[in-house]
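# Notes for the structure review
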Amino acid sequence: MPTKAELVVDARCGTGESPVWSIAEEALYWVDIPGRALHRWSAAGHVLWVTDEMPACIAPRADAPGSWLAGMESGLFTITPQGDGLVESKRLAEVNHAMPAMRFNDGRCDRQGRFWAGTMLMDMAAGARVGRVYRFDKNGAAPSVQLQDFIVPNGLGFSPDGRAMYLSDSHPSVQTIWAFDYDTETGTASNRRVFVDMNPLPGRPDGAAVDADGCYWICGNDAGLVHRFTPQGKLDRSLEVPVRKPAMCAFGGPKLDILFVTSIRPGGDLSDQPLAGGLFALRPGVQGIPEPLFGG
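Quick caveat: nothing in here was measured; it's all calculated off a predicted structure.

Right, let's talk about the overall build of the chain for a bit. Summing up its helical and strand segments, the chain has 0 helices and 24 strands in all. For a compact globule of 296 residues, the expected C-alpha radius of gyration is about 19 Å, and the chain comes in at 17 Å, within 12% of that figure. Taken along its principal axes, the extent of the C-alpha atoms in the chain is 45 × 45 × 40 Å. Per-residue burial for the chain yields a buried fraction of 58% across its 296 residues. Accessible surface for the chain amounts to roughly 11,800 Å². Of this, 49% is attributable to carbon and sulfur atoms. Placing the 27 positive and 34 negative side-chain charges of the chain at their respective mean positions leaves the two points 2 Å apart.

Right under this line is the structure:
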């Protein structure tokens, strides 16, 4: 189905990430990692709040409406927007990174409300395989390392029934998406296999979403595309956005039939992509799935 991306907010995010649609508020939240900001867009307009550390991934909390679980630099936090343009932050768990100068990257909840998130060295060009993927449960135990040996873990997603997990590595030397069998009772991933090798395809795999048909949508960073893959790993379609670096996508809107796409605003000449860092929306003709709440 033909579709054209429309600009929603000219947010100019350094790295716009982790869009999440709030059904209760009919609003989209996302973060700007280097900008240290939590953004919100709704019919009423666009607002943002400044955070203490760089936020990379967020999930709404089931036990505290209006608050978010956030993977940041030093660990996992609860952040709550305040009226003064700041957030109230409470660190829930510190993470002992493999090296200095690391932070969280992509993350989201599984269908049962467990939070999964990966870490990376901020100097992506170093190509250091020190990234780990953690799981954080609502029981308050420390985040546990589930997977490791990644450079830039990304593209976390879960099938509609929760029994398949997807994960990518965005680094130019990897550019691979894997699928796992996922045990919904224990929250463990197994039987890792290549889902899509994106090296021959346009764009590096970045943030992702899964639709109600079980298809996997992932941003093709550097190519200005969002790809849709079937559950069998077949490329179904590719949709264009007017910037080179789409970062992550999420379904939203009253019918969950709008695909929102965040993006990156790199340095240098942007005369050919002045809207880089903006939030965009497409209507791909399919519906998404409500995002699980942490601890829900």
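A few words now on the UniProt feature "domain: SMP-30/Gluconolactonase/LRE-like region" (unreviewed entry) in the chain. According to UniProt, the feature "domain: SMP-30/Gluconolactonase/LRE-like region" (unreviewed entry) maps to residues 16–264 in the numbering used here. Between the C-alpha atoms that bound residues 16–264 there is a distance of 6 Å. The span itself is 0% helix and 57% strand.

This brings us to the environment of D52. Checked against the element boundaries, D52 lands in the loop between β5 (45–50) and β6 (57–60). We classify D52 as exposed; its relative accessible area is 52%. The sequence separation of D52 and A70 amounts to 18 residues, and the corresponding C-alpha distance is 11 Å. Ignoring sequence-local partners within four residues, the contact set of D52 consists of R36, M72 and S89. In terms of polar contacts, D52 uses its side chain to reach the side chain of S89, at 3.2 Å.

What follows is about the pattern of salt bridges. As a working rule, side chains carrying opposite charge can pair if their charged atoms are close by. Taken as a whole, this structure holds 16 salt bridges when the rule is applied. Between R228 and D211 there is a salt bridge, with the nearest N and O atoms lying 2.9 Å from each other. On the criterion of sequence distance, the pair formed by R228 in strand β20 (residues 225–229) and D211 in the loop between β18 (204–210) and β19 (216–221) is long-range, its members being 17 residues apart. Pair check on accessibility: R228 and D211 agree, each one buried. A salt bridge links K245 to D222, with the nearest nitrogen and oxygen atoms 2.4 Å apart. You can see K245 sitting in the loop between β21 (235–240) and β22 (246–252) and its partner D222 sitting in the loop between β19 and β20, a full 23 residues away along the chain. The network of salt bridges with shared partners includes D211, D213, R228, D236 and R237.

The rules behind the values
- Residues numbered from 1 in each chain as written.
- Predicted model: local features only at pLDDT ≥ 70, side-chain atom pairs only at ≥ 80, totals over all residues.
- Heavy atoms only, no water.
- Helix = DSSP H or I, 4+ residues; strand = E, 2+ residues; numbered from the N terminus.
- Rg over C-alpha atoms; globule rule 2.2 N^0.38 Å.
- Buried < 20%, exposed > 50% of the residue type's maximum accessible area, 1.4 Å probe, protein only.
- Areas by Shrake-Rupley, 256 points an atom, 1.4 Å probe, with all protein chains shown as cover.
- Lys, Arg positive; Asp, Glu negative; His and termini not counted.
- Charge placed at Lys NZ, Arg CZ, Asp CG, Glu CD.
- UniProt positions renumbered as here; feature names shortened; annotations may be inferred.
- Contact = heavy atoms within 4.5 Å.
- Polar contact = N/O pair within 3.5 Å; in protein donor to acceptor, adjacent residues only side chain to side chain.
- Salt bridge = Lys/Arg side-chain N within 4 Å of Asp/Glu carboxyl O.

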